[in-house]
Amino acid sequence: MRHALAAVLAAGLIATPAAAQNPEPLDVADWSAVEAAAEGQSVDWYAWGGETHINDYIAWVGDEVAARYGVTLNQVKLADTAEAVARVLAEKTAGETADGAVDLVWINGENFAAMQQNGLLRNDGWAEKLPNRALVDMDRYGAAIASDFGLAVKGQESPWGRAQLVMIYDAARTAEPPRSLDELVAFIEAHPGRFTYPQPPNFTGTTFLKQLLLDVVPDRSVLYAPAGEDADRLVRDTLIPVLQRIHPGLWRSGEAFPTGVAELRRLYADGEILLALTGNPSDAVAGVNDGLLPPESRVAAFSGGTVGNVHFVAIPANAGDQAGALVVANFLLSPEAQARKADPAYWGDPSVLAIDRLPPDQRALFNDEIAVDAPTIAEPHVTWTAVIERVWDETFLK
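Cut-offs used in this document
Residues numbered from 1 in each chain as written. Predicted model: local features only at pLDDT ≥ 70, side-chain atom pairs only at ≥ 80, totals over all residues. Heavy atoms only, no water. Helix = DSSP H or I, 4+ residues; strand = E, 2+ residues; numbered from the N terminus. Rg over C-alpha atoms; globule rule 2.2 N^0.38 Å. Buried < 20%, exposed > 50% of the residue type's maximum accessible area, 1.4 Å probe, protein only. Areas by Shrake-Rupley, 256 points an atom, 1.4 Å probe, with all protein chains shown as cover. Lys, Arg positive; Asp, Glu negative; His and termini not counted. Charge placed at Lys NZ, Arg CZ, Asp CG, Glu CD. Axes fitted to C-alpha atoms, helices over the stretch in contact; angles between N-to-C directions. Parallel < 35°, antiparallel > 145°, perpendicular 65-115°, else oblique. Left-handed = near helix turned anticlockwise from the far one by under 90°. Contact = heavy atoms within 4.5 Å. Nonpolar A, V, L, I, M, F, W, Y, C, P; charged D, E, K, R; others polar. Pairing = 2+ DSSP bridges. Core = buried A, V, L, I, M, F, W, Y, C linked by side-chain atoms within 4.5 Å. Salt bridge = Lys/Arg side-chain N within 4 Å of Asp/Glu carboxyl O. Right-handed = clockwise from strand over helix to strand, strands pointing away.

1. Things to note about the overall build of the protein chain
Counting secondary structure elements, the protein chain contains 15 helices and eleven strands. Taken against the 2.2 N^0.38 rule, which gives 21 Å for 398 residues, the C-alpha radius of gyration of the protein chain at 21 Å falls within 12% of a compact globule. Taken over the C-alpha atoms alone, the protein chain extends approximately 65 × 50 × 35 Å along its principal axes. Burial status across the protein chain gives 54% buried among its 398 residues. Working note: accessible area of the protein chain is about 16300 Å², and carbon and sulfur atoms make up 51% of it. Computed over 29 positive and 54 negative side-chain charges, the separation of the two mean positions in the protein chain equals 4 Å.

Structure, rendered in structure tokens:
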């Protein structure tokens, strides 16, 4: 993913022809006009398609917006969100400003940075004007919604879920999961071959590396500013020694790594590893309910906090069906859509709504969310991702 994105960013440095902007977009404040314009539109939502239950949820969203608003929703399944970024950038380069293929994109982090920095996003603050934006819990999640991996969002993307790094463990096999980096190191040394992490640039693998870096860097504040000239040295001096200590005790002795969370869950379910990293605290419950994970599977996190973020949807500036995209983005923030998404029976992705402030009938839609008994630590500035992955590659892929 990161290498594909690097190519996208490099492409963005190519001079593009001057072109007229999209026609004046509909005023989101006139929501009845937006809904009227959306009826009959077909929204192409470019979204990661790597999990069946997520694809099923998006299909349900499609059924709902079709019935409620007359909007057809087509999921364009991606292996890498950078594919969507590259398509929009190519359209901009070709001068296509008003009828782009991508109407909505599931996005955050580096991909958001690439689209924002290349002027590819609708930028009239639409996300802050959606009717259901008033339901979002800005008191709890406002900082993560206003800043995506250290970049000001400026209303260019709308939140629709949350993530936090946790470990799935089987209480029948692991009575006390590690709750700190020191405890994890001791756990790996006591249980050789029973822990691993996805190979960067997999998102979860890189997030794990960020977690370790945040735990060992002398001053965390440096990670929330753009990476400077000494960034590589800092990563080599702090993160790499920890990895060199634990790698011999990893699954396959650190000579091979899983490709992502799906493979981690399979290794855990088969008993090959004792801990499985995930960004979704509901994954354990969902896996147990589906009969895929041991019945006493739980989640745990470092007690000092773990990396978490909010994920978003965005509308490209040249999207051809912007009214329909606005309607879909607004529906994703409805209590009905958020409650279904938060239910482990369907997905288990944590809500961004202020559930306790909803009317009783809407509050009743939500089952108890899986609580993480640890604070959420903000993602480092987006520029650190490339540094971490580059240093990891240079050290372990020789």
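2. Concerning helix 12 (residues 322-332)
When you tally the buried positions in helix 12, you get eleven out of eleven residues, the bulk of the element. Listing the buried residues of helix 12 in full gives Gln322, Ala323, Gly324, Ala325, Leu326, Val327, Val328, Ala329, Asn330, Phe331 and Leu332.

3. Remarks on unusual backbone geometry
Omega for the peptide link from proline 200 to proline 201 comes to 15 degrees, which places this bond in the cis form. As for its placement among the helices and strands, proline 201 is situated in the loop between helix 7 (181-190) and helix 8 (203-216). One non-glycine residue, lysine 154, lies in the positive phi region at around 60 degrees. Mapping lysine 154 onto the fold places it in the loop between strand 5 (151-152) and strand 6 (157-164). One non-glycine residue, arginine 252, adopts positive backbone phi at about 55 degrees. For arginine 252, the location among the structural elements is in the loop between helix 9 (231-246) and helix 10 (261-269).

4. Digging into the packing of helix 8 against helix 9
The geometry of helix 8 relative to helix 9 is characterised by a closest axis approach of 9 Å and an angle of 115 degrees between their N-to-C directions. On the basis of their axis angle, the class for helix 8 and helix 9 is roughly perpendicular. Crossing handedness for the pair helix 8 and helix 9: right-handed. Mapping the contact onto sequence places Leu209, Leu212, Leu213 and Val216 in helix 8 and Val235, Thr238, Leu239, Val242 and Leu243 in helix 9. Grouping the amino acids of the contact of helix 8 with helix 9 by side-chain chemistry returns eight nonpolar, one polar and no charged.

5. Section: the pairing of strand 6
Of all eight residues in strand 6, seven are buried, a share of seventy percent or more. Across seven bridges, strand 6 lies against strand 10 (residues 306-314) in antiparallel orientation. Within the sheet, the bridge partner assigned to glycine 161 lies in strand 10 and is histidine 311.

6. Quick look at the nonpolar core
Within the largest apolar cluster, 67 residues are counted, with the highest numbers of intra-cluster contacts made by Trp45, Tyr57, Val61 and Val328. Once you skip the residues sitting within four places of it in the chain, tyrosine 57 turns out to touch Trp160, Leu332, Ala337, Gln338, Arg340, Lys341 and Trp347. In this structure, Met167, Ala231, Val299 and Ala300 belong to the second largest nonpolar core, which totals 52 residues.

7. Some thoughts on the pattern of salt bridges
Close approach of charged atoms lets side chains of opposite charge pair. This structure, assessed with the given rule, holds 19 salt bridges. The residue arginine 68 makes a salt bridge to glutamate 64 at a minimum N-O spacing of 3.0 Å. Residue arginine 68 and its partner glutamate 64 are located together in helix 3 (residues 52-69), separated by four residues, close to a single helical turn. Across the salt bridge formed by glutamate 263 and arginine 266, the nearest N and O atoms sit 3.8 Å from each other. In this pair, glutamate 263 and arginine 266 are both assigned in helix 10, three residues apart and thus about one turn of the helix distant. For arginine 266, a relative accessible area of 40% gives the class partly exposed.

8. A closer look at the packing of helix 4 (residues 82-93) against helix 5 (residues 110-117)
Two elements in contact, helix 4 and helix 5, have axes whose closest approach is 10 Å; the angle formed by their N-to-C orientations is 10 degrees. The pairing of helix 4 with helix 5 is recorded here as roughly parallel in orientation. For the pair formed by helix 4 and helix 5, the contact residues are Ala82, Val85 and Val88 on the first element and Asn111, Ala114 and Met115 on the second. Here the residues of the contact of helix 4 with helix 5 sort into five nonpolar, one polar and no charged.

9. Concerning the pairing of strand 1 (residues 42-48)
By the bridge criterion, seven bridges tie strand 1 to strand 2 (residues 72-78) in an arrangement that is parallel. When the sheet's bridge partners are listed, tryptophan 48 is paired in strand 2 with leucine 78. Considered for its hand, the β-α-β crossover made up of strand 1, helix 3 and strand 2 is right-handed. Of the strand pairs in this sheet, strand 1 and strand 3 (residues 104-107) are connected by two bridges, and their pairing is parallel. Counterpart to tyrosine 46 in the pairing with strand 3 is valine 105.

10. Side note on the sheet that holds strand 8 (residues 275-278)
Pairing is antiparallel in the open sheet, where three strands are placed in the order 8-7-9. Every other strand in the sheet has two partners, leaving strand 8 and strand 9 (297-300) as the edge strands with one partner each. Across the sheet, the axes of successive neighbouring strands diverge by a mean angle of 30 degrees, strand direction being ignored. Here strand 7 (residues 166-170) runs beside strand 8; their pairing, made up of four bridges, is antiparallel. For valine 166, the partnering residue across the bridge sits in strand 8 and is threonine 278. Against the sheet, helix 10 touches strand 7, strand 8 and strand 9, its axis set at about 160 degrees to strand 8.

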